[in-house]
Amino acid sequence: MSEYTAARPADDNGVLFETDEGTRAIKQGGTRAWRNNNPGNIRAGRFANRHGAIGEAGGFAVFPDEATGRRAIDALLRTETYQKLTVGGAIARYAPPNENDTGQYVRSIEQLTGLSASKPVHQLTPEERARVVDAIQRIEGWQEGRMVPIPARKPQPSPQTLLDRAIDDL
């Protein structure tokens, strides 16, 4: 199967994915994180676009697949902004109190990763960052729905072809 290169919102909170070859499918049900292939619910914008986003749905980036979405979270944790913070500070920035129960988010990160909230992000090993990405995916709510392929559209005959057929039928 070809890689999805574009995505946009579809009816009923679904997300429509398309390839350059015209193959289309809709992700329905599940959580927004799953529908958008965005396990961290990263907002749509320049950062997401630089890290592989192919569209936007509900204000959040849509990635071509889960792996690309996971790499975007890891890339975010490796930015200069996040590298200067502790794990707890990074989560407070990532999941601010005006949108989340940040204290609970930090406690969940500690429980799920075994890391201290006071550990500097720049000291995380790749394996520890992977555990943080796993924890973020779990906390953000990754529940699968279903992927529904959309049959290819049959090319519609041109008006001239229809006229030619009508003349041939006479």
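Definitions and limits used
Residues numbered from 1 in each chain as written. Predicted model: local features only at pLDDT ≥ 70, side-chain atom pairs only at ≥ 80, totals over all residues. Heavy atoms only, no water. Pairing = 2+ DSSP bridges. Helix = DSSP H or I, 4+ residues; strand = E, 2+ residues; numbered from the N terminus. Phe/Tyr/Trp six-rings, centres within 6.5 Å; stacked < 30°, edge-to-face > 60°. Lys NZ or Arg CZ within 6 Å of the ring centre and 35° of its normal. Buried < 20%, exposed > 50% of the residue type's maximum accessible area, 1.4 Å probe, protein only. Arc of directions from axis to C-beta. Polar contact = N/O pair within 3.5 Å; in protein donor to acceptor, adjacent residues only side chain to side chain. Contact = heavy atoms within 4.5 Å. Axes fitted to C-alpha atoms, helices over the stretch in contact; angles between N-to-C directions. Parallel < 35°, antiparallel > 145°, perpendicular 65-115°, else oblique. Left-handed = near helix turned anticlockwise from the far one by under 90°. Nonpolar A, V, L, I, M, F, W, Y, C, P; charged D, E, K, R; others polar. Salt bridge = Lys/Arg side-chain N within 4 Å of Asp/Glu carboxyl O.

S.K.: I tried to follow the pairing of strand β1 (residues 6-9) on my own but got confused; where do I start?
M.R.: Across 4 bridges, the pairing between β1 and strand β2 (residues 15-18) is antiparallel. Its bridge partner being in β2, Arg8 is matched across the sheet by Leu16.

S.K.: Got a minute to help me understand the packing of aromatic side chains in this structure?
M.R.: To describe a pair of aromatic rings, you give the distance between the ring centres and the angle between the ring planes. Per the counting criterion, the structure on display carries 1 aromatic pair. When the ring centre of Trp34 is taken as origin, the NZ or CZ atom of Lys27, which lies over that ring, is 4.2 Å away.

S.K.: Before we go on, may I ask you to explain helix α5 (residues 87-94) in this structure?
M.R.: Each full turn of the α-helix corresponds to 3.6 residues, which orients residues three or four apart in the same direction. Looking only at α5, the buried set comprises Val87, Gly88, Ala90, Ile91 and Tyr94. For α5, the angular spread of buried residues about the axis comes to 160°, placing them on one side.

S.K.: When you look at the side chain of Thr113 in this model, what are you seeing that I'm missing?
M.R.: Assignment of secondary structure puts Thr113 in helix α6 (residues 102-113). For Thr113, the side chain forms a polar contact with the main-chain nitrogen of Leu115, separated by 3.1 Å. Not counting the four nearest positions on each side in its chain, Thr113 is found in contact with Arg131, Val132 and Ala135.

S.K.: I'm lost on the packing of α5 against α6 in this one. Help?
M.R.: Each packed pair of helices is defined by two parameters, the angle between the axes and the distance between the axes. The interhelical angle for the contact between α5 and α6, taken along N-to-C directions, is 135°, at an axis separation of 9 Å. The angle between α5 and α6 falls in the class oblique. For the crossing formed where α5 meets α6, the hand is right-handed. For the pair formed by α5 and α6, the contact residues are Val87, Gly88, Ile91, Ala92 and Tyr94 on the first element and Thr102, Tyr105, Val106 and Ile109 on the second. Tallied by class, residues from the contact of α5 with α6 come to 7 nonpolar, 2 polar and no charged.

S.K.: Would you mind going over the pattern of salt bridges with me for this structure?
M.R.: If the charged atoms of two oppositely charged side chains come close together, the side chains can form a pair. By the definition in use, this model includes 7 salt bridges. Close ionic contact of Asp74 with Arg78 constitutes a salt bridge, the shortest N to O distance being 2.7 Å. Exposure remark for Asp74: the relative accessible area of 17% places this residue in the buried category. On the basis of relative accessible area, Arg78 is assigned to the partly exposed category, the value being 44%. Note that Asp74 and Arg129 form a salt bridge whose closest N and O atoms lie 2.7 Å from each other. Remark: Arg129 occurs in helix α7 (residues 126-140) and Asp74 occurs in helix α3 (residues 66-77); sequence separation between them is 55 residues. By the burial criterion, Asp74 is buried, and Arg129 matches it. Three or more residues are tied together by salt bridges with common partners; here these are Asp74, Arg78 and Arg129.

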